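Remarks on the overall topology
Read off the chains here:
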Amino acid sequence: MKALLMRDLRLATRAGGGFGLALAFFLIVCTLVPFGVGPEGGQLSRIAPGILWVGALLACLLSLDRIFALDFEDGSLDLLATAPLPLEGAVAIKALAHWLTTGLPLVIFAPVLGVLLHLPSPAYPWLLASLALGTPALSMLGAFGAAVTVGLRRGGLLMSLLVLPLYVPTLIFGAEAVRRGASGADPVTSLVFLAAITLGVLALVPFASAAALRVNLR
Amino acid sequence: MTTRLAVRDLAVARGGLRAVEGLSFSLSAGQALVLRGPNGIGKTTVLRTLAGLQPAVSGEVEAPAESLAYAGHADGLKSALSVTENLRFWSDVFGGPGIDAALERMNLRELALRPAHALSAGQKRRLGLARLMVTGRPVWLLDEPTVSLDTASVALFASVLRDHLGQGGAALIATHIDLGLPEAEILDLTPYRAGPARRDSGMRPAGFNEAFA
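What comes next concerns the included structure. Please read all numbers here as calculations on a predicted model, not as lab measurements. (Residues numbered from 1 in each chain as written. Chains lettered and ligands numbered in written order. Predicted model: local features only at pLDDT ≥ 70, side-chain atom pairs only at ≥ 80, totals over all residues.)

1. A closer look at the overall build of chain A
A tally of helices and strands in chain A yields 10 helices and zero strands. Start at the N end of chain A and walk to the C end: the helices and strands fall as α-α-α-α-α-α-α-α-α-α. Over its C-alpha atoms chain A spans a radius of gyration of 18 Å, differing by no more than 12% from the 17 Å that the globule rule assigns to 218 residues. The contacts in chain A between residues at least 6 apart in sequence include a share of 81% that link residues at least 24 apart. (Helix = DSSP H or I, 4+ residues; strand = E, 2+ residues; numbered from the N terminus. Rg over C-alpha atoms; globule rule 2.2 N^0.38 Å. Contact = placed C-beta atoms within 7 Å.)

Written out as structure tokens, the structure reads:
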């Protein structure tokens, strides 16, 4: 399992691995919004939690189709499926690698982009906490979408359509936690729901993804 | 002789249609079996079914758990990783022996640090076959292993295969090329092709009965 994680991290950080693309996309989205909405601080700080969360979610989506598609094309997915590693474990590890190379950098850089969007200062710890709790679910649900559409031509587009609705609960509770943090209300309830969704996803989705992969490998 | 793989009355399907049925054979330690048959008869499908990548329509496959190593048309190489990194990854995943012997035997020592995208097709194939040696599994399922290999490399691979058989391994090989393994037995799949009549009976009544069984 460790070997698979190290390989995926190495592949992501080598040339052509796409590391940093999601981060750059997140940066650009969050910079474009003030241009579109106008530089008025009050308005920006009102929509900042939503923009940050939607931006992070779309950035996460960008690199999802690579999770299994590349392994499927070069045949390593077939070989992984016949390896002693359970396919459920392989799915979980690949989602973890995706989170480490995409989700975690987004979490770390989100506060910087919060400044661009006039996010009120009490909201920063909650922004970090909600993204840290929510993005693992995004990677895992994305791995499921990638597993369902693996081997399909133009599967990336279909995958986005499948995965985005699944992101709705995470988005609602994540953005709500930041919004409550910004307005001084208690964000803990939203965070608890967010954590519960993530834990549920982490517990169940690897099995669904592995089942989808087995069907697609036939 | 220990039986490495026993197949009884196996039927496999490709794209929902039965391709091969009634296939029975057994493979004991030290034995190599070459699958022959015209294109499209289902050699790849049989190998993928035995590897566990797709379910059999009917019949039994008996093999000790985790004893099969499959090598398909694609080599499963990552072009951004070097030869050593590619091989070490599979060695770690399968928990097999170290990669040194495999590098040596498949004549990859000089290419060890080269990234896989800079290899020729034949060199990639050699690396893909070296992967089998680091899985540490006794039964090799090989699908056209000699594609893009030159005659010297085919001979090299044949000697690797013979060593593997000598150590109690077994191999099931789908190929049209003479591997230079006179001891390998030949299994022609043509008589096992699912006929139109049998295909029909396999499609409807069997499914109907199964649904209400």
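2. Regarding the pairing of strand 5 (residues 68-71) of chain B
Residues and elements named next belong to chain B. A two-sided burial pattern is seen for strand 5, the buried positions comprising Leu68 and Tyr70 on one face and Ala69 and Ala71 on the other. As paired strands, strand 5 and strand 6 (residues 139-143) are joined by four bridges and run parallel to one another. In the strand pairing of strand 6, Leu68 is matched with Val139. (Buried ≥ 20, exposed ≤ 12 C-beta atoms within 10 Å, placed from the backbone. Pairing = 2+ DSSP bridges.)

3. As for the nonpolar core
With 131 residues, the main nonpolar core has A:Leu52, A:Ala56, A:Ala147, B:Ala130 and B:Leu141 as its most contacted residues. The element best represented in this core is helix 7 (residues 124-149) of chain A, accounting for 14 residues. If we skip the residues at most four places from it in the chain, A:Ala56 touches A:Phe26, A:Leu106, A:Ala110, A:Leu131 and A:Thr135. (Core = buried A, V, L, I, M, F, W, Y, C linked by C-beta atoms within 7 Å.)

4. A few points about the sheet that holds strand 1 (residues 3-14) of chain B
All names here are of chain B. Across the sheet, which stays open at both edges, the three strands sit in the order 2-1-4 with antiparallel pairing between neighbours. Among the strands making up the open sheet, the edge pair consists of strand 2 (17-28) and strand 4 (58-62). In this sheet, adjacent strand axes meet at a mean angle of 15° when their direction is disregarded. (Axes fitted to C-alpha atoms, helices over the stretch in contact; angles between N-to-C directions.)

5. Quick look at the interface of chain A and chain B
In this assembly, 21 residues from chain A lie in contact with 20 residues from chain B. Elements with a contribution of two residues or more to the side of chain A that touches chain B: helix 1 (2-13) and helix 5 (76-81) of chain A. No other element matches the five residues that helix 1 of chain A contributes to the side of chain A that touches chain B. Within the side of chain A that touches chain B, the residues separate by chemical class into 10 nonpolar, five polar and six charged. (Nonpolar A, V, L, I, M, F, W, Y, C, P; charged D, E, K, R; others polar.)

6. A look at helix 4 (residues 66-73) of chain A
All names here are of chain A. Taken as a whole, helix 4 has its buried residues at Arg66, Ile67, Phe68, Asp71 and Phe72. In this structure, the buried side of helix 4 is in contact with helix 5, helix 6 (87-116), helix 7 and helix 10 (188-217). With its phi angle positive at about 85°, Gly75 sits one or two positions after the end of helix 4.

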